[in-house]
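Architecture and fold: a report
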Amino acid sequence: MGDLTTQSASHRSNGELVKSSRGAFACMINSEIGAVLAVMRRNVRWGVRYVTDDDHLEHSLIHSLKELRKQIFSWQLQWQNVDPVVYLQPFLDVIQSDETGAPITGVALSSIYKILTLDVLDLDTVNVGDAMHLIVDAVTSCRFEVTDPASEEVVLMKILQVLLACMKSKAATRLSNKHVCMIANTCFRIVHQASSKGELLQRTARHTMHELVRCIFSHLPEISSTEHEMADRSSLSASEVSRNHMLGSTLLENGDMGIVCDGPSSLGDGSSPPIVKAAAEMDTSKTGESDGKDAQHGEVLMMEPFGIPCMVEIFQFLCSLLNVIENIGIGPKSNPIAYDEDVPLFTLGLINSAIELGGPSFSKHPKLLGLIQDELFRNLMQFGLSMSPLILSTVCSIVLNLYYHLCTDLKVQLEAFFSCVLLKLAQSKHGSSYQQQEVAMEALVDLCRQQSFVAEMYANFDCDITCTNVFEDIANLLSKSAFPVNGPLSAMHILALDGLVSMLKGMAGRIGSEMPVSDEALTDREGYEAFWTLKCQNYCDPNSWIPFVRKMKHIKRKLMIAADHFNRDPKKGLEFLQGIHLLPDKLDPQSVASFFRYTTGLDKNLIGDFLGNHDEFCVQVLHEFSRTFDFHDMNLDSALRFFLGTFRLPGESQKIQRVLEAFAERYYEQSPEILCNTDAALLLSYSLILLNTDQHNVQVKKKMTEEDFIRNNRRINGGNDLPREYLSELYHSICENEIQMIPDQGAGFPVMTSGRWINVVHKSKESTPFITCDSGALLDQDMFAILSGPTIAAISVVFDQVEQEEVLQTCIDGFLAIAKISAHYHFGDVLDDLVVSLCKFTNLWTLLSIDEAIVSFGDDARARMATTTVFMIANSYGDYIRSGWNNILDCVLSLHKLGLLPARLASDAADEMDSASDHERGKPATSSLSRLQTAPAAAPRKSSSLIGRFSQLLSFDMEEPILQPTEEQLAAQQCLREIVQNCHIDNIFMESKFLQAESLLQLVGAIISAAGQFSKGSGVMEDEDAAVFCLELLIAITLNNRDRILIIWQNVYKHISDIVQQNAMPCTLVEKAVFGLLKICQRLLPYKENLTDELLKSMQLILKLDARVADAYCEPITQEVMRLVKANATHIRSHLGWRTIISLLFITARHPEASEFGFEALSFIMSEGAHLLPSNYVLCVDAAREFAESRVGQVDRSISALDLMAGSVVCLVRWSYETKNAVEEEAVKVSEDIGEMWLRLVQGLRAVCLDQREEVRNHAILMLQRSLAGVDGIHVPNAMWFQCFDLVIFKLMDDLLEIAQGSSPKEYRKMEGTLVLATKLLSKAFLQSLQDLSQQPSFCELWLGVLNRMERYMKVKFRGRRSEKIHELIPELLKNTLLVMKTTGILVPSDDIGGDSFWQLTWLHVKNIVPFLQSEVFSEQELEQMQTKQQKPPVADGAVLVPSNETTA
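Rules used throughout
- Residues numbered from 1 in each chain as written.
- Predicted model: local features only at pLDDT ≥ 70, side-chain atom pairs only at ≥ 80, totals over all residues.
- Heavy atoms only, no water.
- Helix = DSSP H or I, 4+ residues; strand = E, 2+ residues; numbered from the N terminus.
- Buried < 20%, exposed > 50% of the residue type's maximum accessible area, 1.4 Å probe, protein only.
- Core = buried A, V, L, I, M, F, W, Y, C linked by side-chain atoms within 4.5 Å.
- Contact = heavy atoms within 4.5 Å.
- Expected span 1.5 Å × (residues − 1).
- Salt bridge = Lys/Arg side-chain N within 4 Å of Asp/Glu carboxyl O.
- Patch = residues over 30% accessible without salt bridge, like charges linked within 9 Å, V, L, I, M, F, W, Y side chains within 5 Å.
- Areas by Shrake-Rupley, 256 points an atom, 1.4 Å probe, with all protein chains shown as cover.
- Phe/Tyr/Trp six-rings, centres within 6.5 Å; stacked < 30°, edge-to-face > 60°.
- Lys, Arg positive; Asp, Glu negative; His and termini not counted.
- Charge placed at Lys NZ, Arg CZ, Asp CG, Glu CD.
- Bend = angle between axes of the 7 residues up to and from the residue.
- Polar contact = N/O pair within 3.5 Å; in protein donor to acceptor, adjacent residues only side chain to side chain.
- Axes fitted to C-alpha atoms, helices over the stretch in contact; angles between N-to-C directions.
- Parallel < 35°, antiparallel > 145°, perpendicular 65-115°, else oblique.
- Nonpolar A, V, L, I, M, F, W, Y, C, P; charged D, E, K, R; others polar.
- Disulfide = S-S within 2.5 Å.
- Left-handed = near helix turned anticlockwise from the far one by under 90°.
- pLDDT = per-residue confidence, 0-100.

Here we take up the overall build of the protein chain. The secondary structure content of the protein chain amounts to 63 helices and four strands. The burial tally for the protein chain puts 54% of its 1449 residues in the buried class.

Below, the structure written as structure tokens:
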């Protein structure tokens, strides 16, 4: 066969050569004549006789050949004008002669074949049509004398050659329909005859028949439907005539072909097989019924150039061959091999060839399409249940071709074939053999590989309320068939798996080509809607039919539920239908009848009982039910089968009567041709049911004959007899095909009987158009919702049991396709189920030791592939994973335990990992493996980074001897590292910022859940290591999601809080938690101003650390706080935030290692008031006081702290100045706050003034003096000044005096100098506030307090001796004070007798301090002048000179 193209090309080139050389063709004819004559001369009969008797002249055959030889060379210049009949006829005469033997006939046939293959005969040749007809006539009526079987077979093969050459010739289009049928018939007769001949002839005949059919039907696409409209309209008459040609004249003679060894032979002798004769007689009887005009027109059509008429006849003939075989008795339980498996195989092969070549062109010609829809498909249904795998395979190939080319015209037929044949055979429970199951499964898988098959099955059948759920049945079948039940995997399981994966990959490949279609159809609308009347506006427009089919699927689901309710209780079922608006609130007969008619799954016994009920409403429903049937052009028995196939006829006679009356009324209404009234239809229907019972009930021994049936039905047609032929046809129909009185209930797959096929044919006329789906993902979301669950389970089982990597890869392809589809359509539950299933295959090695697990994992292809797939899904479709994160994290932890993860897995994307503290730098990291193999240390382990270090791979602790890994282990480790690296596990966490919010929450929850399991464990190093690893992941995710930290912050904070509060001893986990929290705050504060308080509040956890934990990590914590402050001080504005920060710094003041960093942070805040705010002022002052009082550091640090405190007054002045532009109420409030801050400052300084250290103490007094002096820019209320004197200055003076008198000089050195400074402080403070306070009612008390302190200080003694410095200082200070008071008019003489006047009280106390000071301040002359002035305006006793309206606060 591989040389056919070359040979034909060779023939074409030879033909061109002949034409180019004018004498070449004549030479060729001459050589062929010589060849024939030479063979004839070898026979004595044809030898030349040298006699003179005229009776013995040469034979006419020889004579004609010789005459031709004389003429051919005279035509060499005008061959195109020569009638080919002239040079063909002598050869044709030899072929037709019954006197020639097989060798002579064979040579003549070879000559004709040579002429045909040289392409001399073309459409331009003169009279080429007649020539072609003569060739066909001669060859099909070939006669020859058989001398031996071999020569006979040679002749037969040459006949096949010539006939095929005729069809392949350029002039083949000149052949008439009749002659094409003759060619086909002759070839088929030879095929039939060859069954008793040699193997070569058999194969050649069959091959030629195939080529012939292919050649004929290859012209079908070239024939337009308009060209043969008349042919199709007159197809009946044409078929009758052609059948006479094809069947009557020749096919009836195709028995043994009459070939005998000693007699003449022809292709026209012999007897016909009974099967063909019966068919011919049946067709002949039909022919006799047609009128002569149609027959005459048919004759004309058959003589026209070949086209549709001959194709119709050949195709119908092929279908009739299957009918003949069926009538012999091939059924679902018979074995056709016992008859002849070759015959149906051969016939089916021819039909398949015709369909392959004709393709979609069949649909253009109603007659051909009608043959496929009815006769062919009925036979395919029958042969599909054959026990022969070869026949079943061929049938499936035909159906695949029909689906591919003609699916739009075969909707109901395809549904019937899938439901009753493929889906039935593919399940072992229906009794099919393994070979049948395998062939059926292969056919289903081939169909599933078609791009749009599953979508079209779903749209046309699953979404049609009158059809079965073909797609769902296929999906369930493939899923169940992939499950290995109680046995090893077989080819069937792998095949089913391939089908599932094909469907999934098809859906995945269509992702992105969806159309935006509204989901309006899926919403339940209020009110009743007649579901059986719903129609789609445009079945070609996806925007129209997609919402429609979704709506119908929604209705179908509700109908299935309603059917279940109805089957349990019809009354409640109807009420349920009303509740879901599928029936009207007030039931009407039409709606109930339509529900019975168009709803699948109903109990047909209940329908029959309901329809047969005598209730008036039930009778109305019955008549409406009958009106849903279309009985046009149907015989009574077919209509009755159709009607009774939808319910079970009740057993009571009255119910039967009512049902048949309704049927007869409807039948007569639509088919009144033969029956004269309804009564006739009713009586005949009764008679048919009785006949059906009689013929097919095994209990009836004496069967009704045809005569009995005709006699029983006399005079029922209005008093007249029905035509005998009509009754006879009904009788034989019932006898041969039983009316099924017990219809299928819709469960399982029904057997396709003749009655059911009638239903199929008529349903196909009423069905909605077949919806074609293009390559777009139109309904994939709906289908995947059905397919996903069983598919995941099935693929998982196969993946678990199979060992071949090819099959494992197929499973992985399926898993990835499921993941892609689930993510695209947001099926999070499906994706979670998939992840759970896959993760089961990744944790198998955790039960072993680590070394064994690594080697085992390296050898386990399933585990490796599953692991890679899990992380591929997590990286690609993490947005839609929910609970599956728990399982993914288990896999991550398992790989972590094996030390196979990237070393920087827990890093965040913001920057590189840096060290947490100086003391941690330089400490080598230890691997997870080594940590597991060494005993836990008592001391806290230090971290090498803020978030924590991740283990270096496979580095072992050298302090303890351990076994070195073997080469096998090292190779496995290296291989696995590469595999894990390719998984890009780190991207899951580093790219978590792109996850959807819900998925991110689930991921965080999974990490916390996993960490919680380890945190509550036994405290084993392995558990702690896993908990630390989870914490690192959590912190990395938190940092990577800083832009939406609010989503996860509460969960993260709670987890860290639990760690901090549940651990009372230093450990790595707490260390990671604390530093992770600090890192989060440090990173996020610049970006999340609205979260600043929340973040800083979280740092209060550090304050809750157990004392031992806090002490262990105080220094690095303080370092981090310092860095945080330096980096984010400008972002901290609230009092709450600063309180947390300053509190952390406050507690470091007395810590040996941490105080340095704490003070550095505080200095950064307070220096030059850089970051001092009203919200943190008091906190900073208190912290600075704590550092000033602390003896941990050097004295210089305390002095620096005091400087910070004193320097902060500048900020108070600045703030006070800024309030001048504020609203009055706000200004008053701010001014009060500033005063409170200043008072808090001086109180803090007063406390430090009592420090034992001389330098600190004295410097504190100086700073206090500065703070008091710096208050000039601040509006301090008078009342607050009085508080300052009472709470700060006087108290300081008193405390210092007490210390000087009561403490040991060793404890408080050089107190004399301190008292001097304090005295100066008192004097300066008093003079500073004198002008404002002098007019206050309490001023006198304040002044007496000052004098009292000076008086007491004058009396202080050091080591029993008074202080010279104080004795010198106080008089001088007092004198200066008095002079100021004198100058300002505060201190003036008074003549009050009571002795309680300000003047008198002043000098009373002054005399106790410095007796002669009055005369130094006031001379006698000044006193007299002042007294004179004072006498004029009398002043009340005890009052100051200038009254004031101010009151003390």
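It is worth spelling out the nonpolar core at this point. Side chains of nonpolar character tend, in soluble globular proteins, to be buried together. Tyr-87, Phe-315 and Phe-596 are the most contacted members of the largest nonpolar core, which totals 465 residues. At 14 residues, helix H57 (residues 1278-1302) tops the list of elements feeding residues into this core. If sequence neighbours within four positions are ignored, Phe-596 has contacts with Phe-566, Leu-602, Ile-607, Phe-610, Leu-611, Val-621 and Phe-625.

This part is about helix H50 (residues 1135-1146). Since one α-helical turn is 3.6 residues long, residues separated by three or four positions face the same way. Between the first and last C-alpha of H50 there are 15 Å, a value that for twelve residues agrees with the 16 Å anticipated at 1.5 Å per step. All buried positions along H50 are accounted for by Gly-1137, Trp-1138, Thr-1140, Ile-1141, Ile-1142, Leu-1144 and Leu-1145. Buried residues belonging to H50 abut helix H47 (1092-1098), helix H48 (1100-1103), helix H49 (1107-1128), helix H51 (1155-1166) and helix H52 (1177-1189).

Looking now at the pattern of salt bridges. Counted according to the given criterion, the structure contains 32 salt bridges. The salt bridge involving Arg-203 is made with Glu-199; its shortest N-O contact spans 2.9 Å. Here the residue Arg-203 and the residue Glu-199 both occupy positions in helix H9 (residues 199-217), the gap between them amounting to four residues, near one helical turn. Under the relative-accessibility criterion, Arg-203 is labelled exposed at 58%. The exposure class assigned to Glu-199 is partly exposed, which follows from its relative accessible area of 46%. Residues Glu-998 and Arg-882 are paired through a salt bridge, measuring 3.3 Å at the closest nitrogen-oxygen approach. In this pair, Glu-998 is assigned in helix H43 (residues 997-1015) and Arg-882 in the loop between helix H38 (861-877) and helix H39 (884-897), connecting sequence segments 116 residues apart. Under the relative-accessibility criterion, Glu-998 is labelled partly exposed at 47%. The class for Arg-882 is buried, based on a relative accessible area of 15%.

Below, the discussion takes up the environment of Phe-217. Within the element layout of this structure, Phe-217 appears in helix H9. Separated by 91 residues in the primary sequence, Phe-217 and Ile-308 have C-alpha atoms spaced 9.4 Å apart. With sequence-adjacent residues up to four places away left out, Phe-217 is seen in contact with Met-311, Ile-314, Phe-315, Ala-354, Leu-357, Gly-358 and Phe-362.

So, on to a nonpolar patch on the surface. A contiguous nonpolar patch, built from Leu-1103, Phe-1146 and Ile-1147 and spanning about 240 Å² of accessible area, is present on the exposed surface. Here Phe-1146 shows up in helix H50. Residue class for Phe-1146 comes out partly exposed when judged on its relative accessible area of 32%.

Attention now moves to the environment of Ala-482. As for its placement among the helices and strands, Ala-482 is situated in helix H21 (residues 470-482). In this structure Ala-482 comes out as buried when scored by relative accessible area, which is 0%. Ala-482 sits 315 residues away from Val-797 along the chain, and the two C-alpha atoms are 8.0 Å apart. Dropping the residues within four chain positions of it, Ala-482 is found in contact with Leu-489, His-493, Ala-496, Leu-497, Leu-500, Ala-794 and Val-798.

Counting across every chain of the model gives 42 aromatic pairs. An angle of 85° between the planes, with centres 5.3 Å apart, marks the rings of Phe-629 and Phe-642 as edge-to-face. Taken as a pair, Phe-629 in the loop between helix H27 (616-626) and helix H28 (636-644) and Phe-642 in helix H28 lie far apart in primary sequence, 13 residues in all. In terms of burial, Phe-629 and Phe-642 fall into one category: buried. Where Phe-643 meets Phe-663, the ring centres are 5.3 Å apart and the plane angle is 35°; that geometry is what we call tilted. Here Phe-663 lies in helix H29 (residues 653-670) and Phe-643 lies in helix H28, a separation of 20 residues in the sequence. Side by side, Phe-643 and Phe-663 carry an identical accessibility label, which is buried. Connected via pairs of aromatic rings, a cluster forms that spans Phe-625, Phe-629, Phe-631, Phe-642, Phe-643, Phe-647, Phe-663 and Tyr-667.

Further remarks concern a negative patch on the surface. Residues Asp-630, Asp-633, Glu-673 and Glu-766 make up a contiguous surface patch of negative charge. Its place among the elements puts Glu-766 in helix H33 (residues 754-766).

This part takes up H49. Helix length check: H49, at 22 residues, gives a terminal C-alpha distance of 28 Å against a target of 32 Å (1.5 Å per residue), a shortfall beyond 12%. Of all the bends in H49, the greatest reaches close to 60° and is centred on Cys-1114; the proline Pro-1116 follows between one and four positions later. Here H49 starts with a cap whose side-chain oxygen sits 3.0 Å from the backbone nitrogen of Arg-1108, and that cap is Asp-1106.

Below, the discussion takes up the packing of helix H56 (residues 1254-1269) against helix H58 (residues 1311-1333). Contact geometry of H56 with H58 gives a least axis separation of 10 Å together with a crossing angle of 5°. Compared by their axis directions, H56 and H58 come out roughly parallel. Residues Arg-1257, Asn-1258, Ile-1261, Leu-1262, Leu-1264, Gln-1265, Leu-1268 and Ala-1269 of H56 form the contact with H58, whose own contacting residues are Met-1311, Thr-1314, Leu-1317, Ala-1318, Leu-1321, Lys-1324, Ala-1325 and Gln-1328. Tallied by class, the residues present in the contact of H56 with H58 amount to ten nonpolar, four polar and two charged.

What follows is about unusual backbone geometry. We note that Asn-127 has phi near 55°; this positive angle belongs to a residue other than glycine. The residue Asn-127 is located in the loop between helix H5 (102-117) and helix H6 (128-140) in this model. Among the residues examined, Asn-127 registers a relative accessible area of 29% and is labelled partly exposed. Phi is positive for Glu-1168, which is not a glycine, with a value near 55°. Mapping Glu-1168 onto the fold places it in the loop between H51 and H52. Glu-1168 sits in the exposed class, given a relative accessible area of 82%.

What follows deals with the state of the cysteines. Counted according to the given criterion, the structure contains zero disulfides. In this structure Cys-540 is a free cysteine whose sulfur lies 9.0 Å from that of Cys-536, the closest cysteine sulfur available. According to the relative accessible area criterion, Cys-540 is exposed, its value standing at 71%.

Between helix H37 (residues 850-859) and helix H41 (residues 967-983), whose axes approach to 9 Å, the crossing angle comes to 60°. In terms of orientation, H37 and H41 fall into the oblique class. Crossing of H37 over H41 shows left-handed handedness. Listed contacts from H41 to Asp-851, Ile-854, Val-855, Phe-857 and Gly-858 of H37 are Glu-968, Gln-969, Ala-972, Gln-973 and Leu-976.

A separate point is the side chain of Ser-1190. Checked against the element boundaries, Ser-1190 lands in the loop between H52 and helix H53 (1195-1207). Residues contacting Ser-1190, with those up to four places away along its chain left out, are Ala-1149, Arg-1150, Ser-1198 and Arg-1253.

Take the confidence of the model for the protein chain next. Confidence in the prediction for the protein chain averages 78 pLDDT; 81% of positions are at 70 or higher. At the low end of the mean pLDDT range in the protein chain sits helix H40 (residues 928-933), at 35; at the high end sits helix H35 (residues 805-824), at 92. Confidence over residues 227-266 falls short of pLDDT 50; this stretch has 115 contacts with residues more than four positions distant or in other chains.

Assignment of secondary structure puts Asp-1182 in helix H52. Owing to a relative accessible area of 18%, Asp-1182 belongs among the buried residues under this scheme.

Its location among the elements puts Ile-1047 in helix H45 (residues 1045-1062). Taking relative accessible area as the criterion, Ile-1047 reaches 31% and is therefore assigned partly exposed. Considered as a pair, Ile-1047 and Ala-997 are 50 residues apart in the sequence and their alpha carbons are 7.1 Å apart. Ignoring any residue separated from it by four or fewer positions in sequence, one finds Ile-1047 in contact with Ala-997 and Leu-1001.

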